[in-house]
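# Summary of the model geometry
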Amino acid sequence: MGDQNQSPGSSGGDGHSKGQILENLPQEKLNIETECEETGIDWISELPDALIVQILSQMPIQDAFKTSILSKRWQYPWTSIDNLIFDNRNTNWSDRENVINKFISFTDNVLPLLCCSKIKKFCLYFRFCLVASYSSKIDKWLEIALKKKVEDLDLEIWYYDQNPYVLPQVLCNNSSIVKFNCEFCRIPEECVLNWTSLKSLTLTYLFLRDEHVEQIVTNCPQLESLKLCEFCGFHRLHITSPKCRSLQLIDHAHPDGDWGPFGGDCSFEIVAPYIQHLKISGHFDNVEIRLGDLSSLVHADLTFSVDVVFDKTVELLLASVRCANELMIPCWFIEMIYVSVLEKKKDVPLLMLRCKQLTINSWISRNAILGIGVLLKSTPYLENLMILHEEGDFFVWDEDLEDEEFDWSGDNSLSLHENIFKGSLQNLKHVEVTSNCCSCQHKADATERLSEFLKSLLEHAKNLEKLVIAPWHNGCDISSANISKVIKNLLAFPGASNIAVVSLGSVSGVDFSGE
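Anyway, here's the lowdown on the structure attached to this text. Being a predicted model, the structure only gives us computed values, none of them experimental.

For the rest of this paragraph, the subject is the overall build of the protein. Summing up its helical and strand segments, the protein has 14 helices and 24 strands in all. Within the protein, contacts between residues separated by at least 24 positions form 64% of all contacts whose residues are at least 6 apart in sequence. Here the protein has roughly 23900 Å² of accessible surface; of this, 48% comes from carbon and sulfur atoms.

See below:
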């Protein structure tokens, strides 16, 4: 192209293919190379400056800078890009010090040359050894970005020692940032967080004090979405702004792996009356979660795992999310409901839930069916039910509980058809069950257990329209022959004629359906 026989989209050391760079261009520009050969015209260089700058803005700044050697036409377009990606993560670390020094030198020299009046997005992905050696450099780079009113700031500053990068005060008090994603950094104790334009905040691997959380809630009036990953430190999260509609809490872990003065059990309380989407997932070991007012909740994902269950945890959590239209729960919820039933030797009523769509991560075992039955009796509006089992989430049944006979209906046997689902499935229209739900320690009678469970659903869900048995994406523990037997038995079961579709996803190339 021009003085060089290479375009910014050609493959090379920068790792970007021509298709990747040109994917956003109009269709008529996609055959540029062929047209160049046929006409001798450099169509890429004929593109308007604004479009070239847009293309370069999708590349890491190191790659965009390389285009300056292509020709005189390409010397300066890169200086106008407003989407800056500085990334040293995917480099050869055999010569770590030299790699870091080159990255720092490049960033020091390139940032002052940028002539854009405003930065839309600034990404800094920087890995190094000793934070004390580079803190001043990072401060300088961020100062340049903040002076250009950056709106979208993404920081992943990963360190090999035990001293994380400390966010500067000029960043903690800013009026231009709209979206902020920060990983592996530290908030200074004396600073005041004040982001008046911030709408989306994601903090990962940070220690957050109660005052930090209070400042985020109070001093970010435009905040709409808050996501905390691998966090700890605070005990109260009270979000009272009507604009904040999404809250995600993923993994509770100390950044340095040392709890220090926060050792032992931990607890925190969430009150968020305007939150519509709540997700709590990952590991929350030795943590007691208390949920307060969540009266606007639409979607609740509570698929987090624990190693200690506090008294009445499940009942209290379900009561707090009872207004959610969509609900996802983990297998240990079902386990604890079953244990509660077993201890009291009778049905344990839960507060009525309003959810219409329920996803349960659970095995279909004898004990689980009892727990599921109690839960379904508390969901009178339920229309869609999905039962799946994801890897990494499992029951920790006490062997004595597993072997104990439970008198549910007055005799010494478990009757799936009489009392478990009776009167609780009148609005259920769609059911999906993944076939691996019947694996675990019950492989021998997995097919029979699945058949009995589904027959019970058919008997009591009078308005059921569709039943789907989906094979496990990593392979099915129940053979396709046995699953086909389950389907055929269901189709012959009284009440199956009321179901519009009974289907099995493709197993060994076979698809079963009944009208």
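Here we take up the sheet that holds strand β15 (residues 287–291). Taken together, the 3 strands give an open sheet; going across it, the order is β11-β13-β15, and neighbouring strands pair in parallel fashion. The open sheet has two edge strands with one neighbour each: β11 (236–238) and β15. Each neighbouring strand pair of the sheet contributes to a mean axis angle of 10 degrees, computed without reference to strand direction. Bridging between β11 and strand β13 (residues 266–271) involves 3 bridges; their strand directions are parallel. By the bridge assignment for β13, Arg 236 is matched with Glu 269.

On to the packing of helix α10 (residues 331–344) against helix α11 (residues 366–376), then. Packing of α10 against α11 brings their axes to within 8 Å, and their N-to-C directions diverge by 90 degrees. Considered as vectors, α10 and α11 are oriented roughly perpendicular to each other. In this structure, α10 uses Ile 334, Ile 337, Tyr 338 and Val 341 to contact α11, whose residues at the interface are Asn 367, Ala 368, Leu 370, Gly 371, Ile 372, Val 374 and Leu 375. Counted by class, the contact of α10 with α11 contains 9 nonpolar, 2 polar and no charged residues.

A separate point is the pattern of salt bridges. Taken as a whole and assessed by the stated rule, the structure comprises 7 salt bridges. Across the salt bridge formed by Asp 63 and Lys 66, the nearest N and O atoms sit 3.7 Å from each other. One end of the pair, Asp 63, and the other, Lys 66, are both in helix α4 (residues 61–66), 3 residues apart, so they sit about a helical turn from each other. Looking at Lys 66, the relative accessible area reads 41%, which means it is partly exposed. Residue Glu 156 is joined to Arg 127 by a salt bridge in which the shortest nitrogen-to-oxygen separation is 3.7 Å. With Glu 156 in strand β3 (residues 152–159) and Arg 127 in strand β2 (residues 121–128), this residue pair connects regions lying 29 residues apart in the sequence. A residue is classified by how much of its surface remains accessible, and Glu 156, at 10% relative accessible area, is buried.

Scoring rules and cut-offs
- Residues numbered from 1 in each chain as written.
- Predicted model: local features only at pLDDT ≥ 70, side-chain atom pairs only at ≥ 80, totals over all residues.
- Heavy atoms only, no water.
- Helix = DSSP H or I, 4+ residues; strand = E, 2+ residues; numbered from the N terminus.
- Contact = heavy atoms within 4.5 Å.
- Areas by Shrake-Rupley, 256 points an atom, 1.4 Å probe, with all protein chains shown as cover.
- Pairing = 2+ DSSP bridges.
- Axes fitted to C-alpha atoms, helices over the stretch in contact; angles between N-to-C directions.
- Parallel < 35°, antiparallel > 145°, perpendicular 65-115°, else oblique.
- Nonpolar A, V, L, I, M, F, W, Y, C, P; charged D, E, K, R; others polar.
- Salt bridge = Lys/Arg side-chain N within 4 Å of Asp/Glu carboxyl O.
- Buried < 20%, exposed > 50% of the residue type's maximum accessible area, 1.4 Å probe, protein only.

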